[in-house]
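What follows is each chain in one-letter form.
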Amino acid sequence: MGFIEDIKARAKQNMKTIVLPETADKRTLEAASRILAEGVAKVVLLGNEENIKRTAEGFDLSGAAFVDPETTDKLDSYINLLVEIRKSKGMTPELARETLTKDYLTFGVTMVKAGDADGMVAGAVNSTANVLRPSLQILKTAPGTKLVSSFFIMVVPNCEYGHNGTFVFSDCGLNQNPNSEELAAIAESSAKSFKALIGAEPIVSMLSHSTKGSAKHADVDKVVEATKIAKESYPDIKIDGELQADASIIPSVGAAKAPESQVAGKANVLVFPDLDAGNIGYKLVQRLAKAEAYGPMTQGIAKPVNDLSRGCSADDIVGVIAITAVQASAIDNK
Ligand SMILES: CC(C)(COP(=O)(O)OP(=O)(O)OC[C@H]1O[C@@H](n2cnc3c(N)ncnc32)[C@H](O)[C@@H]1OP(=O)(O)O)[C@@H](O)C(=O)NCCC(=O)NCCS
Ligand SMILES: CC(=O)OP(=O)(O)O
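In what follows, the accompanying structure is described. (Residues numbered from 1 in each chain as written. Chains lettered and ligands numbered in written order. Predicted model: local features only at pLDDT ≥ 70, side-chain atom pairs only at ≥ 80, totals over all residues. Heavy atoms only, no water.)

## A closer look at the pattern of salt bridges
Alright, step 1. This structure, assessed with the given rule, holds 14 salt bridges.
Alright, step 2. Ionic pairing is found between Arg-34 and Asp-315, a salt bridge with its closest N-O pair at 2.5 Å. Of this pair, Arg-34 sits in helix α2 (residues 26–38) while Asp-315 sits in helix α13 (residues 314–332), and the two are 281 residues apart along the sequence.
Alright, step 3. Lys-53 is the partner of Glu-49 in a salt bridge, and the nearest nitrogen-oxygen pair spans 2.7 Å. A residue pair is termed a helical-turn pair when its members lie 3 or 4 positions apart in one helix, as Glu-49 and Lys-53 do in helix α3 (residues 49–55) at four residues.
Alright, step 4. In this structure Lys-53 comes out as partly exposed when scored by relative accessible area, which is 42%.
Alright, step 5. Beyond isolated ion pairs, a larger network of salt bridges with shared partners links Glu-30, Arg-34 and Asp-315. (Salt bridge = Lys/Arg side-chain N within 4 Å of Asp/Glu carboxyl O. Helix = DSSP H or I, 4+ residues; strand = E, 2+ residues; numbered from the N terminus. Buried < 20%, exposed > 50% of the residue type's maximum accessible area, 1.4 Å probe, protein only.)

Below, the structure is given as structure tokens:
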């Protein structure tokens, strides 16, 4: 069974409720109809039911729930909830009403916070910043976590590296210039995400343009320090750095460049040094190697809200909804 088939089978066992705010987007509605037809999750679509059904022409949305933020009888309770969470940041009942009825992303995140949905998926239309900002503000970090970060699951066809071609890449979507402590936290969260979703042992490489001192620069020092912090803080995780990408995943190159390393040549979790590297790197692998790219998914957040690239396909959205449902089940089991 391939990665996404396995995830769908796991999602079907719990039938979590995922809210989709981007209902003017046809790819999102196609994905919703497929999720419903396959019985992967329950779906809530935000907006006017008639308008959504018109946009969805050709796709069957029977079985979806429709919630119109303008007319729902939950609005007052969501206003109270949003004011309670954000009043120290200037949120008033008037502003909350205006935001919740006009901004479906904030409405969807508030539904998740209220427990009326288990997770949210958006980003086919909206930028990552606009999807993640309300999620961070309203849901906040999970207990025991310092930093929310993001990751992609990359499934590379005909690839013997990583876990049979499957990798976690992080952070490709959220933290723009993480410091060493933040990189170490991203490494730990990514190892947990790999274990939870792929089920094999994570082998984490802290990526750099240098392997074990082959280059000197402050950017290299940042990764060396991050590796030290991660090794000390999370001794149970197999982690090493600084390593170049080839030394991380190709056994012969790893053996030549970093012969002492337990990670070199075997890595299945790749932690990029900053968001430029991560975002560019995942897109190149997706487009040139024709990899499936699911994400950017959040990790370290209290409840799952996951983003998409605006370049996503309906297939990508189906995959991210299924993964979100599995993440929501994992939170229940904690
Ligand atoms: C997500 C992002 C918008 C947040 O930054 P921002 O808009 O400047 O917002 P702020 O820094 O004011 O943070 C907003 C809230 O989120 C919290 N937050 C921000 N980043 C966080 C993180 N990594 N982990 C946990 N909380 C975080 C802040 O503490 C703040 O909480 P508060 O309002 O309760 O005090 C920003 O990090 C970003 O733009 N990232 C890049 C996104 C992107 O374009 N990616 C490329 C395409 S995938
Ligand atoms: C993840 C990402 O890069 O998103 P977008 O392509 O929408 O900017």
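Continuing now.
## Regarding the site of ligand 2
Alright, step 1. Around ligand 2, the neighbouring residues are Thr-128, Phe-152, Asn-279, Tyr-282, Lys-283, Pro-296, Ser-309 and Arg-310.
Alright, step 2. Side-chain polar atom of Lys-283 to an oxygen atom of ligand 2: 2.8 Å apart, as the coordinates give it.
Alright, step 3. At 2.7 Å from an oxygen atom of ligand 2 is found a side-chain nitrogen or oxygen belonging to Arg-310.
Alright, step 4. The dominant element in the shell around ligand 2, judged by the number of residues it contributes, is helix α12 (residues 275–288), at three residues.
Alright, step 5. Residues of the shell around ligand 2, tallied by class, amount to three nonpolar, three polar and two charged. (Near = heavy atom within 4 Å. Polar contact = N/O pair within 3.5 Å; in protein donor to acceptor, adjacent residues only side chain to side chain. Nonpolar A, V, L, I, M, F, W, Y, C, P; charged D, E, K, R; others polar.)

## Some words on the site of ligand 1
Alright, step 1. Surveying the vicinity of ligand 1 reveals 18 residues, the closest of which are Arg-86, Lys-89, Arg-133, Val-148 and Gly-173.
Alright, step 2. In the environment of ligand 1, a nitrogen atom lies 2.9 Å from a nitrogen or oxygen atom belonging to the backbone of Val-148.
Alright, step 3. Leu-174 has a polar backbone atom sitting 2.9 Å from a nitrogen atom of ligand 1.
Alright, step 4. In isolation ligand 1 offers 940 Å² of accessible surface; the protein chains occlude 63% of this area.
Alright, step 5. Those elements that place two or more of their residues in the shell around ligand 1 are α7 (128–138) and α12.
Alright, step 6. Here the shell around ligand 1 is built from residues that sort into seven nonpolar, seven polar and four charged. (Areas by Shrake-Rupley, 256 points an atom, 1.4 Å probe, with all protein chains shown as cover.)

## Things to note about the pairing of strand β2 (residues 42–46)
Alright, step 1. The buried fraction of β2 amounts to four of the five residues, a majority that puts the element mostly inside the structure.
Alright, step 2. Chirality of the crossover, the property in question, places the unit of strand β1 (residues 17–20), α2 and β2 among those that are right-handed.
Alright, step 3. Across three bridges, β2 lies against strand β3 (residues 65–67) in parallel orientation. Within β3, the residue paired with Leu-46 across the bridge is Val-67.
Alright, step 4. In this fold, β2 hands off to α3, which returns the chain to β3; that crossover is right-handed. (Right-handed = clockwise from strand over helix to strand, strands pointing away. Pairing = 2+ DSSP bridges.)

## Describing unusual backbone geometry
Alright, step 1. Of the consecutive residues Ser-170 and Asp-171, the connecting peptide bond is found in the cis state with omega at -20°.
Alright, step 2. Within the element layout of this structure, Asp-171 appears in the loop between β6 (166–170) and α8 (180–198).
Alright, step 3. For the bond running from Gly-241 to Glu-242, omega is -10°, close enough to zero to count as cis.
Alright, step 4. By the secondary structure assignment, Glu-242 is in strand β8 (residues 238–243).
Alright, step 5. One non-glycine residue, Met-15, lies in the positive phi region at around 45°.
Alright, step 6. Within the fold, Met-15 resides in the loop between α1 (3–12) and β1.
Alright, step 7. Judged by its relative accessible area of 29%, Met-15 falls in the partly exposed class.
Alright, step 8. At Asn-164, a residue that is not glycine, the phi angle is positive and equals roughly 50°.

## Notes on the environment of Ala-293
Alright, step 1. Take Ala-293: it is sitting in strand β10 (residues 292–299).
Alright, step 2. On the accessibility criterion, Ala-293 (5% relative accessible area) is buried.
Alright, step 3. For Ala-293 and Val-155, which are 138 residues apart along the polypeptide, the C-alpha to C-alpha distance reads 6.6 Å.
Alright, step 4. Ala-293 has contacts with Phe-152, Ile-153, Met-154, Tyr-282, Gln-286 and Asp-316, leaving out every residue within four places of it along the chain. (Contact = heavy atoms within 4.5 Å.)

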